[in-house]
Structures are given as C-alpha cells and as structure tokens.
Amino acid sequence: MPELTIHIGGRGFDVSCQDGEEQFLLAAAKMLDDEAQVLSDQIGRMPESRMLLMAGLMLADKSAAVDEKIKSLEAKLLQTEAELQTLRNAPRPEPERIEVAVVPPSVTDTLAEMAARVEALAAVVEEKAAE
C-alpha cells in the first residue's frame, strides 16, 4: 500500500492509499489545499482541525452546487429526450401537392410551325441579300 505525504494549508500529512490511486489522492489533496489556501489568505493561521473542517465544508458546498447542477441538467435531458420521442412518434405530415403547368401539344405544334416560317423568311432574306 503506497504511502504519500500530502500538503494541505502548508502542513504535511502522511497518508496511505490503494495501489493505482495515488494520482486521485494527490488531486483530491490539491483541491483541499486550494480551499485551505483561500482560508489562509482570508483569515490567516488557524488550528489544523478548524482549517481542515472549513476547507472540507467549502469543498462540500461546491460539490453540492455541482450535484444540483447535474440534477437540473439530467431533468432537462429527460425532458428533451421525451420531446424528441414525441416528435419521432408523431405522424408524418401529408406530402404537399404541387401542380406543374403542362404545355398542351397544340402550343408546341404552333411554336414549331412559327419557327419553320421564321426560318423560311430568314432564308428568303439571305437570298435577297446575296443578290
């Protein structure tokens, strides 16, 4: 079982932990030390037990705020998932019908006839221009 010395509030503490948990213990000790440093900066030197109690309470307060935020976000996630499921289960809207105008064959025939006449006139004009 590894033994570590952690520093909190400028004081060293010898602690043991399970194999592989050293980094977690050091990270937790740093969080507690950061809170103890805030106390030390605000209040100054205080008894070890009081400093640890106050730093622990400050961390517990932060943890409670995070827990509340997590609960709020989980509730919001559940609501969003329910809305999404409602939308997925809703019937699909009817397809919109769009009518496209169809050109009647008589119009295309008339246009083709006009184009033929224009080409014939153009040929006549070209012949007269060549003379």
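Here the structure is a predicted model, which is why all the values come from computation and not from measurement. (Residues numbered from 1 in each chain as written. Predicted model: local features only at pLDDT ≥ 70, side-chain atom pairs only at ≥ 80, totals over all residues. Heavy atoms only, no water.)

1. With respect to the pairing of strand 1 (residues 3–8)
For step 1, the next point in the chain: The two faces of strand 1 differ: L4, I6 and I8 on one face are buried, but E3, T5 and H7 on the other face are not.
For step 2, the next point in the chain: Here strand 1 runs beside strand 2 (residues 11–16); their pairing, made up of six bridges, is antiparallel. Bridge pairing in strand 2 places I6 opposite F13.
For step 3, the next point in the chain: With antiparallel pairing between neighbouring strands as the criterion, strand 1 and strand 2 make up a hairpin whose turn holds two residues, including G9 at a positive phi of roughly 65°. (Buried < 20%, exposed > 50% of the residue type's maximum accessible area, 1.4 Å probe, protein only. Helix = DSSP H or I, 4+ residues; strand = E, 2+ residues; numbered from the N terminus. Pairing = 2+ DSSP bridges.)

2. Some details on the nonpolar core
For step 1, the next point in the chain: Of all hydrophobic cores here, the largest spans 11 residues; its members are I6, I8, F13, A29, L32, A36, L39, M46, M51, A55 and L59.
For step 2, the next point in the chain: When contributions to this core are tallied by element, the ones reaching two or more residues are strand 1, helix 1 (22–43) and helix 2 (48–89).
For step 3, the next point in the chain: Broken down by element, the residue count for this core peaks at four residues, all from helix 1.
For step 4, the next point in the chain: Look past the residues within four positions of I8 in its chain and what remains in contact with it is F13, A29, L32, D33, A36, M51 and L52. (Core = buried A, V, L, I, M, F, W, Y, C linked by side-chain atoms within 4.5 Å. Contact = heavy atoms within 4.5 Å.)

3. Observations concerning the confidence of the model for the protein chain
Should pLDDT be low for a region, the predicted coordinates there are not to be read in detail.
For step 1, the next point in the chain: Scored by pLDDT, the protein chain comes out at a mean of 90, with 100% of its residues at no less than 70.
For step 2, the next point in the chain: Here helix 1 is the element of the protein chain with the lowest mean pLDDT, 89, and helix 2 is the one with the highest, 94. (pLDDT = per-residue confidence, 0-100.)

4. Section: the pattern of salt bridges
For step 1, the next point in the chain: Enumeration according to the criterion identifies three salt bridges in this entry.
For step 2, the next point in the chain: One salt bridge connects K30 with D34, and the closest N-O pair in it is separated by 3.1 Å. Of this pair, K30 and D34 both sit in helix 1, four residues apart, which is roughly one turn of the helix.
For step 3, the next point in the chain: The closest approach of N and O atoms between R117 and E113, which form a salt bridge, is 3.1 Å. Here R117 and its partner E113 are both found in helix 3 (residues 105–130), four residues apart, which amounts to about one turn of the helix.
For step 4, the next point in the chain: Judged by relative accessible area, which is 55%, R117 ranks as exposed. (Salt bridge = Lys/Arg side-chain N within 4 Å of Asp/Glu carboxyl O.)

5. Description of the side chain of R11
For step 1, the next point in the chain: Mapped onto the elements, R11 comes out in strand 2.
For step 2, the next point in the chain: Buried charge R11 goes without a salt bridge, the closest partner of opposite sign being E48 at 4.6 Å.
For step 3, the next point in the chain: Residues in contact with R11, not counting those within four places in the same chain, are I6, R45, M46, P47, E48 and M51. (Lys, Arg positive; Asp, Glu negative; His and termini not counted.)

6. Looking at the environment of L52
For step 1, the next point in the chain: Position of L52 relative to the elements: it lies in helix 2.
For step 2, the next point in the chain: For L52, a relative accessible area of 27% puts it in the partly exposed group.
For step 3, the next point in the chain: Taking the C-alpha atoms as reference points, L52 and V66, separated by 14 residues in sequence, lie 21 Å from one another.
For step 4, the next point in the chain: Here L52 is in contact with I8, F13 and L32, once residues within four sequence places are set aside.

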